[in-house]
Amino acid sequence: MRLTSTAFAPDDWIPVQFTCEGADVSPPLAWSDPPPGTRSLALVCADPDAPGGVWYHWGIYDIPSNTRALSEHWPPMRVPPPQAVNDFRRTGYGGPCPPRGDPPHHYRFRLYALNVEWLGLGPHAPCRAVEAAAQSHAIAAAELTGVYGRART
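The rules we used
Residues numbered from 1 in each chain as written. Predicted model: local features only at pLDDT ≥ 70, side-chain atom pairs only at ≥ 80, totals over all residues. Heavy atoms only, no water. Helix = DSSP H or I, 4+ residues; strand = E, 2+ residues; numbered from the N terminus. Rg over C-alpha atoms; globule rule 2.2 N^0.38 Å. Buried < 20%, exposed > 50% of the residue type's maximum accessible area, 1.4 Å probe, protein only. Pairing = 2+ DSSP bridges. Contact = heavy atoms within 4.5 Å. Axes fitted to C-alpha atoms, helices over the stretch in contact; angles between N-to-C directions. Core = buried A, V, L, I, M, F, W, Y, C linked by side-chain atoms within 4.5 Å.

Caption draft 1: Summary view of the overall build of the chain. Looking only at helices and strands, the chain features one helix and eight strands. Start at the N end of the chain and walk to the C end: the helices and strands fall as β-β-β-β-β-β-β-α-β. Radius of gyration (C-alpha) of the chain: 15 Å, near the 15 Å computed for a compact globule of 153 residues. With the principal axes as the frame, the chain shows a C-alpha extent of 50 × 30 × 25 Å. For the chain, with 153 residues in total, the buried portion stands at 45%.

Encoded structure:
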């Protein structure tokens, strides 16, 4: 299973339109066939370089196993599949927004292939709960990392 985006290459700069300085919309994501036994998928985007520890930007879960992509600008209230509450305290995607002057941060999009059809989290689950539940049911994972930093002003 491989996770890709037409918006940026692995370890490349995330275009401004997908950040708080742009339109703050989710990037397009696609993946290759998950392994046999996959019953659903979950995706989490997190910034491990945030000053206070890992900052969660997006979580989407209970994705049907036959899904192979999420389109650009995935609406925050589009269900199914359900979306988690990010660390901005909003449902849906919240783009990269590191403190001005920080070195560029790394944004890790992790896709989990799961051995369950539903994580059983219900609506409004926090991203941290999605990732914890996904890790406990993962049979495979793929990661795409992008980089972003804001200028000093």
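Caption draft 2: Structural detail: the sheet that holds strand S5 (residues 55-64). In spatial order, the strands read S2-S8-S7-S4-S5; together these five strands make up an open sheet with mixed pairing. Strands at the two margins of the open sheet, each flanked by one partner only, are strand S2 (12-13) and S5. Inspection of the sheet shows S2 paired to strand S8 (residues 138-148) by two bridges, in the parallel sense. Its bridge partner being in S8, Trp13 is matched across the sheet by Val147. In the packing of helix H1 (residues 127-137) onto the sheet, the strands contacted are strand S4 (40-47), S5, strand S7 (105-114) and S8, and the crossing angle to S7 comes to about 50°.

Caption draft 3: The sheet that holds strand S6 (residues 69-70), seen in detail. Read across the open sheet, the three strands follow the order S1-S3-S6; overall the sheet is antiparallel. In this open sheet, the two strands that pair with only one neighbour each are strand S1 (3-4) and S6. Where strand S3 (residues 29-31) and S6 come together, two bridges link them in antiparallel fashion. Looking across to S6, one finds that Ala30 is bridged to Ala69.

Caption draft 4: Expanded view of the nonpolar core. Leu3, Leu29, Leu43, Trp58, Ile60, Leu70 and Phe109 are the most contacted members of the largest nonpolar core, which has 23 residues in total. Elements with a minimum of two residues in this core: S3, S4, S5, S7 and S8. When residues of this core are assigned to their parent elements, the largest contribution, four residues, is made by S7. Within the second largest apolar cluster, 15 residues are counted, among which are Val44, Leu114, Val116 and Ala125.

Caption draft 5: Region of interest: the environment of Cys45. Of note, Cys45 is situated in strand S4. Discounting chain neighbours no more than four positions away, the residues touching Cys45 are Trp55, Tyr56, His57, Trp58, Tyr107, Arg108 and Phe109.

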